[in-house]
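In case you want the letters, here they are:
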Amino acid sequence: MSGLETLARFGCVSDECRWAADRYQFPWVSELDAHDREIISLLDCLRDGEFSGLASATQLYELLLQEKEAGMSQDRLADWTPVFSYVSIISYEELRHGFTLGSLYHYVTTGKTDYIAQMNPREFGKKYMWCYDDRRYWDLYSYILAHLFSEIINTELYRDVAIRVHHPQLKEALGFIRNDEARHIAAWSALIRDLLQADEYHMERALGALERGLLYHNAMVHETYFEGVNKMMPLFLSERNDRLEPLKRITQQKYRVISDLFGERNPYSEKDIQDMHLNYLMKTSGVQRARYSEEAPGNIEVIA
Ligand SMILES: [Fe+2]
Ligand SMILES: [Fe+2]
């Protein structure tokens, strides 16, 4: 399938799966019990992560322009077109997730239903679109891979949170978001496969960028990312009291996707991927804020 056919296909699937956001007015919020309110009160950083889709779109364009300035050929720049067209679809969907979570969080913490009306657009733009200035962890190839692999974590998190909550309409709303995230995995996989097959150059660049693409969540661009990881870790469901079970689930899926994209050229075993994640989680445990640094290990500088 060509990149444009993939784009048309996933654009149409998005249209077909669009759920009613009800103008982000959810009349059932007043019915939420204490358990559901407690869970929603932990989702502010996830809301921030959804809105950081705006930073993703902006930074991706910037990284592509940097490649152009650095001399990438016209043909290879053009190969990125379907990926960039899909960014406009996915940005809107992530914005819907942010508005949904933000409206729920605002109601649970203030009792008010005017979340979007009370937001200041200038503050919103600074917080969610330009937040990446301090957190440029990626090049163009590791960034797009980060977007793909992060959707696996997003899907698992929403799946587990949707299972945990009680109210049927809250369950349904979180289920809609989970389905969007699962579709994003499929779309990014297909679009990246088309890109890698278009030119051996892209394949080599992607292989060179794989470690960071696999490990660094794209939502690390926003300020509260690490606070969110530490706060939401307990929301993943662990079967058989195995605390590593969610990590195993995630690494299994990452391994499946990476094998599918890179075939025999995939340098990592499932165990390698799991060890990389464990190592990373240990290093960032308890971290609240971080920014990019040339000197810091992994370029992640922890800040107070
Ligand atoms: Fe999302
Ligand atoms: Fe997503």
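The residue numbers shown here count from 1 along each chain, following its written sequence. Chain letters start at A and ligand numbers start at 1, both assigned in the order the entries are written. Reporting of local features is limited, given that this is a predicted model, to residues whose pLDDT is at least 70; pairs of side-chain atoms are given and counted only at 80 or more, and all residues count toward the totals for whole chains, interfaces and linings. Calculation of side-chain values draws on the structure's entire complement of heavy atoms; hydrogens and water are dropped beforehand.

Colleague: Would you take a moment to explain the overall build of the protein for this structure?
Modeller: Assigned secondary structure in the protein consists of 14 helices and 2 strands. Its C-alpha atoms give the protein a radius of gyration of 19 Å, within 12% of the compact-globule value 19 Å for 304 residues. C-alpha atoms of the protein, sized along the principal axes, occupy 55 × 40 × 35 Å. Looking at the 304 residues of the protein, the share that counts as buried comes to 53%. The contact definition used throughout considers only heavy atoms, calling two residues in contact when any of these lie within 4.5 Å. Contacts in the protein between residues far apart in sequence, at least 24 positions, make up 82% of those at least 6 positions apart. Per-residue and other accessible areas follow the Shrake-Rupley method at a 1.4 Å probe size, with only the shown protein chains counted as cover for residues. Here the protein displays about 14,200 Å² of accessible surface, and carbon together with sulfur accounts for 52% of that area. Both charge centroids of the protein, one from 34 positive and one from 47 negative side chains, sit 4 Å from each other. The helix count covers DSSP runs of H or I at least four residues long, the strand count covers runs of E at least two residues long, and both are numbered beginning at the N terminus. As a reference, a globule follows 2.2 Å times the number of residues to the power 0.38, and the radius of gyration itself is taken over C-alpha atoms. Note on exposure labels: buried denotes an accessible area under 20% of the residue type's maximum, exposed denotes more than 50%, and partly exposed covers the range between, all computed with a 1.4 Å probe on protein chains only. Charged residues are defined narrowly, with Lys and Arg counted positive, Asp and Glu counted negative, and His plus the chain ends left uncounted. By convention, the point assigned to a charge is CZ for Arg, NZ for Lys, CD for Glu and CG for Asp.

Colleague: I'm lost on the coordination of the iron ion (ligand 2) in this one. Help?
Modeller: Put simply, the ideal angle at a metal is 109.5 degrees for four donors in tetrahedral geometry and 90 or 180 degrees for six donors in octahedral geometry. Distances from the iron ion (ligand 2) to its protein donors, namely E94 (OE), E151 (OE), E151 (OE), E181 (OE) and H184 (ND1), fall within the range 2.0 to 2.3 Å. Counting the intervening residues between successive donors of the iron ion (ligand 2) yields the motif E-x56-E-x29-E-x2-H. Sodium, potassium and calcium take a 3.2 Å donor cutoff, other metals 2.8 Å, and in both cases only N, O and S atoms count; water is not among them, so sites may look incomplete. A separation of 3.8 Å is found between the iron ion (ligand 2) and the iron ion (ligand 1), which share E94 as a coordinating residue. Residue E94 is located in helix α6 (residues 81-110), and its partner E181 is located in helix α9 (residues 168-198); the two are separated by 87 residues in the primary sequence. Residue classification places E181 among the buried positions, given a relative accessible area of 0%.

Colleague: Would you mind going over the coordination of the iron ion (ligand 1) with me for this structure?
Modeller: Donor atoms from the polypeptide that bind the iron ion (ligand 1) are E50 (OE), E50 (OE), E94 (OE), H97 (ND1) and E181 (OE), placed at 2.0 to 2.6 Å. The sequence pattern formed by the donor residues of the iron ion (ligand 1) is E-x43-E-x2-H-x83-E. A residue is classified by how much of its surface remains accessible, and E50, at 6% relative accessible area, is buried.

Colleague: I'm lost on the side chain of H277 in this one. Help?
Modeller: Looking at the secondary structure, you find H277 in helix α14 (residues 270-284). Filtering out sequence-adjacent residues up to four positions away, H277 remains in contact with L214, L215, L247, T251 and K254.

Colleague: Can you help me understand the environment of E50 in this one?
Modeller: Within the element layout of this structure, E50 appears in helix α3 (residues 44-51). In sequence terms E50 and Y128 are 78 residues apart; their C-alpha atoms lie 9.0 Å from each other. Aside from chain neighbours lying at most four places away, what touches E50 is E94, H97, G98, L101, Y158, I177 and E181. In the analysis that follows, any N or O atom pair within 3.5 Å is treated as a polar contact, provided that within protein one partner can donate a hydrogen and the other can accept it, and provided that, for residues neighboring in sequence, both atoms belong to side chains. Here Y158 takes part through its side chain, which lies 2.5 Å from a polar atom of the side chain of E50.

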